[in-house]
Amino acid sequence: NAGVTQTPKFQVLKTGQSMTLQCAQDMNHNSMYWYRQDPGMGLRLIYYSASEGTTDKGEVPNGYNVSRLNKREFSLRLESAAPSQTSVYFCASSEDWRGANYEQYFGPGTRLTVT
Amino acid sequence: GESVGLHLPTLSVQEGDNSIINCAYSNSASDYFIWYKQESGKGPQFIIDIRSNMDKRQGQRVTVLLNKTVKHLSLQIAATQPGDSAVYFCAEKRSEGGKLIFGQGTELSVKP
(Lines give C-alpha, C1' and ligand atoms only; values in the text may rest on other atoms or scores of the structure.)
Protein backbone atom coordinates (compact mmCIF):
# COMPACT_ATOMS: atom_id res chain seq x y z
CA ASN A 1 0.00 0.00 0.00
CA ALA A 2 2.03 2.97 -1.30
CA GLY A 3 -0.55 5.69 -0.54
CA VAL A 4 -0.09 8.66 -2.88
CA THR A 5 2.74 8.55 -5.40
CA GLN A 6 3.99 11.35 -7.63
CA THR A 7 6.33 11.44 -10.60
CA PRO A 8 8.76 12.94 -11.28
CA LYS A 9 10.42 13.98 -8.01
CA PHE A 10 12.43 16.77 -9.63
CA GLN A 11 12.11 18.60 -12.95
CA VAL A 12 13.80 21.56 -14.61
CA LEU A 13 12.02 23.22 -17.52
CA LYS A 14 12.81 26.13 -19.79
CA THR A 15 10.23 28.89 -20.16
CA GLY A 16 7.59 27.85 -22.67
CA GLN A 17 8.10 24.11 -22.34
CA SER A 18 5.25 21.85 -21.34
CA MET A 19 5.06 18.92 -18.97
CA THR A 20 2.65 16.71 -17.07
CA LEU A 21 2.94 15.82 -13.40
CA GLN A 22 1.55 12.41 -12.57
CA CYS A 23 -0.23 11.35 -9.40
CA ALA A 24 -1.74 8.04 -8.36
CA GLN A 25 -3.37 6.77 -5.16
CA ASP A 26 -4.11 3.21 -4.13
CA MET A 27 -6.50 3.92 -1.24
CA ASN A 28 -9.68 3.82 -3.36
CA HIS A 29 -10.29 7.49 -2.57
CA ASN A 30 -12.90 9.42 -4.47
CA SER A 31 -11.42 12.91 -4.20
CA MET A 32 -8.02 14.15 -5.40
CA TYR A 33 -6.23 17.50 -5.25
CA TRP A 34 -3.27 19.42 -6.65
CA TYR A 35 -1.51 22.04 -4.52
CA ARG A 36 1.51 24.24 -4.95
CA GLN A 37 3.76 25.32 -2.09
CA ASP A 38 6.05 28.32 -2.35
CA PRO A 39 8.79 29.21 0.19
CA GLY A 40 7.39 30.44 3.50
CA MET A 41 3.83 29.87 2.40
CA GLY A 42 1.14 27.36 3.02
CA LEU A 43 -0.41 25.10 0.43
CA ARG A 44 -2.55 26.70 -2.27
CA LEU A 45 -5.11 24.64 -4.13
CA ILE A 46 -4.70 24.60 -7.91
CA TYR A 47 -7.41 22.15 -9.00
CA TYR A 48 -9.39 19.38 -7.40
CA SER A 49 -11.51 16.45 -8.45
CA ALA A 50 -14.33 15.73 -6.04
CA SER A 51 -15.08 12.44 -7.78
CA GLU A 52 -14.09 10.52 -10.89
CA GLY A 53 -15.25 12.43 -13.96
CA THR A 54 -15.32 15.87 -12.33
CA THR A 55 -12.70 18.58 -11.94
CA ASP A 56 -12.93 22.11 -10.53
CA LYS A 57 -10.70 25.14 -10.16
CA GLY A 58 -9.09 25.95 -6.87
CA GLU A 59 -7.46 29.14 -5.68
CA VAL A 60 -4.67 29.42 -8.32
CA PRO A 61 -5.71 27.57 -11.54
CA ASN A 62 -4.24 29.91 -14.17
CA GLY A 63 -1.59 28.28 -16.34
CA TYR A 64 -2.60 24.72 -15.39
CA ASN A 65 -4.92 22.00 -16.63
CA VAL A 66 -5.86 18.71 -15.02
CA SER A 67 -7.18 15.32 -16.05
CA ARG A 68 -8.84 12.77 -13.79
CA LEU A 69 -7.82 9.78 -15.86
CA ASN A 70 -9.63 7.24 -13.67
CA LYS A 71 -10.36 6.82 -9.98
CA ARG A 72 -6.66 6.27 -9.16
CA GLU A 73 -4.94 8.89 -11.29
CA PHE A 74 -5.03 12.68 -11.43
CA SER A 75 -2.53 14.54 -13.62
CA LEU A 76 -1.52 18.20 -13.71
CA ARG A 77 -0.35 19.78 -16.96
CA LEU A 78 1.64 22.94 -17.54
CA GLU A 79 1.11 23.89 -21.20
CA SER A 80 3.68 26.70 -21.36
CA ALA A 81 5.80 26.88 -18.24
CA ALA A 82 6.69 30.26 -16.72
CA PRO A 83 9.25 31.12 -14.00
CA SER A 84 6.34 32.02 -11.70
CA GLN A 85 5.41 28.32 -11.74
CA THR A 86 8.65 27.37 -10.00
CA SER A 87 7.35 25.64 -6.89
CA VAL A 88 6.87 22.34 -5.10
CA TYR A 89 3.73 20.56 -6.25
CA PHE A 90 1.80 18.19 -4.01
CA CYS A 91 -0.93 15.80 -4.92
CA ALA A 92 -3.38 14.65 -2.25
CA SER A 93 -6.41 12.43 -1.95
CA SER A 94 -9.27 12.03 0.49
CA GLU A 95 -11.94 9.41 1.00
CA ASP A 96 -14.83 11.53 -0.14
CA TRP A 97 -15.95 15.09 -0.80
CA ARG A 98 -19.02 15.16 1.39
CA GLY A 99 -18.49 12.14 3.59
CA ALA A 100 -17.42 11.92 7.20
CA ASN A 101 -13.67 11.77 6.60
CA TYR A 102 -12.00 14.85 5.18
CA GLU A 103 -8.42 13.98 5.99
CA GLN A 104 -6.23 14.46 2.94
CA TYR A 105 -3.24 12.19 2.33
CA PHE A 106 -0.31 13.79 0.57
CA GLY A 107 2.29 12.54 -1.86
CA PRO A 108 6.02 13.30 -1.51
CA GLY A 109 5.93 16.25 -3.91
CA THR A 110 7.50 17.30 -7.23
CA ARG A 111 10.08 20.06 -7.11
CA LEU A 112 9.78 22.07 -10.36
CA THR A 113 12.16 24.79 -11.50
CA VAL A 114 11.39 26.90 -14.57
CA THR A 115 14.33 28.88 -15.95
CA GLY B 1 7.14 27.58 24.28
CA GLU B 2 4.22 29.22 22.42
CA SER B 3 3.73 30.77 18.99
CA VAL B 4 1.23 33.42 18.05
CA GLY B 5 -0.45 32.16 14.91
CA LEU B 6 0.48 33.48 11.54
CA HIS B 7 2.46 36.45 12.91
CA LEU B 8 5.21 34.34 14.47
CA PRO B 9 6.26 31.69 11.95
CA THR B 10 9.05 30.16 14.08
CA LEU B 11 9.02 28.57 17.50
CA SER B 12 12.08 27.27 19.33
CA VAL B 13 11.72 25.01 22.37
CA GLN B 14 13.98 22.93 24.57
CA GLU B 15 13.76 19.15 24.29
CA GLY B 16 11.36 17.84 26.89
CA ASP B 17 9.35 21.06 27.15
CA ASN B 18 5.75 21.35 25.98
CA SER B 19 5.08 23.22 22.73
CA ILE B 20 2.01 25.24 21.82
CA ILE B 21 1.40 26.21 18.21
CA ASN B 22 -1.45 28.61 17.57
CA CYS B 23 -3.60 29.27 14.54
CA ALA B 24 -6.30 31.83 13.86
CA TYR B 25 -8.88 30.73 11.30
CA SER B 26 -10.95 33.04 9.21
CA ASN B 27 -14.42 31.61 8.66
CA SER B 28 -16.95 31.10 11.43
CA ALA B 29 -18.76 28.62 9.15
CA SER B 30 -15.78 26.24 9.11
CA ASP B 31 -16.80 22.90 10.60
CA TYR B 32 -13.64 20.82 10.55
CA PHE B 33 -10.03 21.55 11.40
CA ILE B 34 -6.87 19.58 10.93
CA TRP B 35 -3.20 19.83 11.86
CA TYR B 36 -0.45 18.63 9.55
CA LYS B 37 3.28 18.17 10.15
CA GLN B 38 5.69 18.68 7.28
CA GLU B 39 9.30 17.59 7.58
CA SER B 40 11.90 19.02 5.24
CA GLY B 41 11.60 17.60 1.72
CA LYS B 42 8.44 15.63 2.46
CA GLY B 43 4.72 15.97 2.01
CA PRO B 44 2.43 17.02 4.89
CA GLN B 45 1.43 14.27 7.31
CA PHE B 46 -1.79 14.16 9.31
CA ILE B 47 -1.41 14.73 13.06
CA ILE B 48 -4.87 15.26 14.49
CA ASP B 49 -8.25 16.67 13.55
CA ILE B 50 -11.25 18.13 15.37
CA ARG B 51 -14.82 18.89 14.38
CA SER B 52 -16.56 22.11 15.29
CA ASN B 53 -18.86 20.38 17.79
CA MET B 54 -15.84 19.64 20.00
CA ASP B 55 -13.56 21.87 22.10
CA LYS B 56 -10.71 19.46 22.67
CA ARG B 57 -9.29 16.27 21.23
CA GLN B 58 -6.31 14.29 22.39
CA GLY B 59 -3.95 11.99 20.55
CA GLN B 60 -0.62 10.49 21.40
CA ARG B 61 1.39 13.38 22.96
CA VAL B 62 -0.73 15.90 21.05
CA THR B 63 -3.85 17.84 21.98
CA VAL B 64 -5.88 20.16 19.79
CA LEU B 65 -8.00 22.89 21.35
CA LEU B 66 -10.70 24.76 19.48
CA ASN B 67 -12.14 28.09 20.61
CA LYS B 68 -14.94 28.98 18.24
CA THR B 69 -15.74 32.24 20.05
CA VAL B 70 -12.45 33.80 18.97
CA LYS B 71 -11.84 31.51 15.97
CA HIS B 72 -8.66 30.09 17.41
CA LEU B 73 -7.06 26.67 17.17
CA SER B 74 -4.01 25.39 19.00
CA LEU B 75 -1.82 22.31 18.89
CA GLN B 76 -0.10 21.24 22.07
CA ILE B 77 2.81 18.81 21.91
CA ALA B 78 3.84 17.26 25.20
CA ALA B 79 7.49 16.48 26.00
CA THR B 80 8.74 17.81 22.66
CA GLN B 81 11.40 15.68 20.99
CA PRO B 82 13.97 16.45 18.27
CA GLY B 83 11.86 14.38 15.86
CA ASP B 84 9.06 16.92 16.30
CA SER B 85 11.11 19.56 14.48
CA ALA B 86 9.09 20.43 11.38
CA VAL B 87 6.66 22.97 9.96
CA TYR B 88 3.14 22.64 11.36
CA PHE B 89 0.10 23.71 9.34
CA CYS B 90 -3.44 24.18 10.45
CA ALA B 91 -6.23 23.84 7.90
CA GLU B 92 -9.94 24.58 8.02
CA LYS B 93 -12.74 23.12 6.00
CA ARG B 94 -15.58 25.37 4.99
CA SER B 95 -18.98 23.76 5.10
CA GLU B 96 -19.39 23.52 1.32
CA GLY B 97 -17.42 20.33 0.69
CA GLY B 98 -14.03 18.78 1.22
CA LYS B 99 -11.78 21.69 0.27
CA LEU B 100 -9.20 22.60 2.94
CA ILE B 101 -7.81 26.11 3.45
CA PHE B 102 -4.26 26.01 4.82
CA GLY B 103 -2.57 28.50 7.09
CA GLN B 104 0.95 29.81 6.52
CA GLY B 105 2.59 27.35 8.90
CA THR B 106 4.80 27.56 11.98
CA GLU B 107 8.31 26.14 12.03
CA LEU B 108 9.08 24.29 15.25
CA SER B 109 12.73 23.88 16.19
CA VAL B 110 13.65 21.62 19.11
CA LYS B 111 16.96 22.29 20.88
CA PRO B 112 18.64 19.25 22.47
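Okay, so let's go over this structure. Since the model is a prediction, treat every value here as computed from it, not as a measurement.

**Some thoughts on the overall build of chain B**
Here's step 1: Of the regular secondary structure elements, chain B holds 0 helices and 10 strands.
Here's step 2: Ordered by position from the N terminus, the helices and strands of chain B form the series β-β-β-β-β-β-β-β-β-β.
Here's step 3: Taken over the C-alpha trace, chain B has a radius of gyration of 13 Å; the compact-globule value for 112 residues is 13 Å, and the two agree within 12%.
Here's step 4: Split into buried and exposed, the 112 residues of chain B put 44% on the buried side.
Here's step 5: Long-range contacts, defined as pairs at least 24 residues apart, comprise 50% of the intrachain contacts of chain B with a sequence gap of at least 6.
Here's step 6: Accessible surface, chain B as shown: approximately 5,400 Å² in total, 47% of it carbon and sulfur.

**Considering the interface of chain B and chain A**
Here's step 1: Between chain B and chain A, the residue contacts involve 21 residues of the former and 20 residues of the latter.
Here's step 2: Taken together, the links from chain B to chain A amount to 0 salt bridges.
Here's step 3: For the interface between chain B and chain A, the tally reads 2 residue pairs in polar contact (both at pLDDT 80 or more).
Here's step 4: Breaking the side of chain B that touches chain A down by element, the ones donating at least two residues are strand S3 (32-38), strand S4 (45-51), strand S8 (86-93) and strand S9 (100-102) of chain B.
Here's step 5: For the side of chain B that touches chain A, the per-class residue count stands at 8 nonpolar, 8 polar and 5 charged.

**Remarks on the state of the cysteines**
Here's step 1: Applying the stated criterion to the full structure yields 2 disulfides over all chains.
Here's step 2: Each sulfur in the disulfide pair Cys23(A) and Cys91(A) lies 1.9 Å from the other. Handedness of the Cys23(A)-Cys91(A) disulfide follows from its S-S torsion of about -70 degrees: it is left-handed. Of this pair, Cys23(A) sits in strand S3 (residues 19-25) while Cys91(A) is found in strand S9 (residues 87-94), placing the two residues 68 residues apart along the sequence.
Here's step 3: There is a disulfide in this structure between Cys23(B) and Cys90(B), and the S-S distance comes to 1.7 Å. Of this pair, Cys23(B) sits in strand S2 (residues 19-24) while Cys90(B) sits in strand S8, placing them 67 residues apart in sequence. Each member of the pair, Cys23(B) as well as Cys90(B), carries the same accessibility label: buried.

**Things to note about the sheet that holds strand S8 (residues 74-78) of chain A**
Two modes of strand pairing occur in sheets, parallel and antiparallel, and in both the strands are linked by backbone hydrogen bonds.
Residue and element names in this part refer to chain A.
Here's step 1: If you walk across this open sheet you meet the 4 strands as S1-S3-S8-S7, and the pairing is antiparallel. Every interior strand has two partners, whereas the edge strands, strand S1 (4-7) and strand S7 (64-68), have only one. Direction aside, neighbouring strands of the sheet carry axes that sit 20 degrees apart on average.

**Here's the deal with the pairing of S3(A)**
Residues and elements named next belong to chain A.
Here's step 1: Most of S3 is tucked away, with 5 of its 7 residues classed as buried.
Here's step 2: Inspection of the sheet shows S1 paired to S3 by 4 bridges, in the antiparallel sense. Opposite Thr5, over in S3, you have Ala24 as the bridge partner.
Here's step 3: In this sheet, S8 lies alongside S3 in antiparallel orientation, the contact comprising 3 bridges. Note that in S8 the partner of Thr20 across the bridge is Arg77.

**Here's the deal with unusual backbone geometry**
Here's step 1: Note the cis peptide between Thr7(A) and Pro8(A), where omega equals -5 degrees.
Here's step 2: By the secondary structure assignment, Pro8(A) is in the loop between S1 and strand S2 (10-13).
Here's step 3: A positive phi angle is found at Arg61(B), which is not glycine, with a value near 65 degrees.
Here's step 4: Turning to its location among the elements, Arg61(B) is positioned in the loop between strand S5 (56-58) and strand S6 (62-67).

**Regarding the environment of Cys91(A)**
Residue and element names in this part refer to chain A.
Here's step 1: Exposure remark for Cys91: the relative accessible area of 0% places this residue in the buried category.
Here's step 2: As a C-alpha pair, Cys91 and Lys14 span 77 residues in sequence and 23 Å in three-dimensional space.
Here's step 3: In contact with Cys91, other than residues within four places in its own chain, are Val4, Gln6, Cys23, Met32, Tyr33, Trp34, Tyr105, Phe106 and Gly107.

**A look at the packing of aromatic side chains**
Here's step 1: Under the definition given, this model contains 9 aromatic pairs over all chains.
Here's step 2: Between Tyr35(A) and Phe106(A), the ring centres sit 5.6 Å apart and the planes meet at 40 degrees, which makes this aromatic pair tilted. With Tyr35(A) in strand S4 (residues 31-37) and Phe106(A) in strand S10 (residues 104-106), this pair connects stretches of sequence that are 71 residues apart. The pair Tyr35(A) / Phe106(A) is uniform in exposure class, with both members buried.
Here's step 3: Taken together, Tyr33(A), Tyr35(A), Phe106(A), Tyr36(B) and Phe102(B) form an aromatic cluster joined through their ring pairs.
Here's step 4: Just above the ring of Tyr102(A) sits the side chain of Lys93(B); from NZ or CZ to the centre is 4.2 Å.

Thresholds, definitions, all that
- Residues numbered from 1 in each chain as written.
- Chains lettered and ligands numbered in written order.
- Predicted model: local features only at pLDDT ≥ 70, side-chain atom pairs only at ≥ 80, totals over all residues.
- Heavy atoms only, no water.
- Helix = DSSP H or I, 4+ residues; strand = E, 2+ residues; numbered from the N terminus.
- Rg over C-alpha atoms; globule rule 2.2 N^0.38 Å.
- Buried < 20%, exposed > 50% of the residue type's maximum accessible area, 1.4 Å probe, protein only.
- Contact = heavy atoms within 4.5 Å.
- Areas by Shrake-Rupley, 256 points an atom, 1.4 Å probe, with all protein chains shown as cover.
- Salt bridge = Lys/Arg side-chain N within 4 Å of Asp/Glu carboxyl O.
- Polar contact = N/O pair within 3.5 Å; in protein donor to acceptor, adjacent residues only side chain to side chain.
- Nonpolar A, V, L, I, M, F, W, Y, C, P; charged D, E, K, R; others polar.
- Disulfide = S-S within 2.5 Å.
- Pairing = 2+ DSSP bridges.
- Axes fitted to C-alpha atoms, helices over the stretch in contact; angles between N-to-C directions.
- Phe/Tyr/Trp six-rings, centres within 6.5 Å; stacked < 30°, edge-to-face > 60°.
- Lys NZ or Arg CZ within 6 Å of the ring centre and 35° of its normal.

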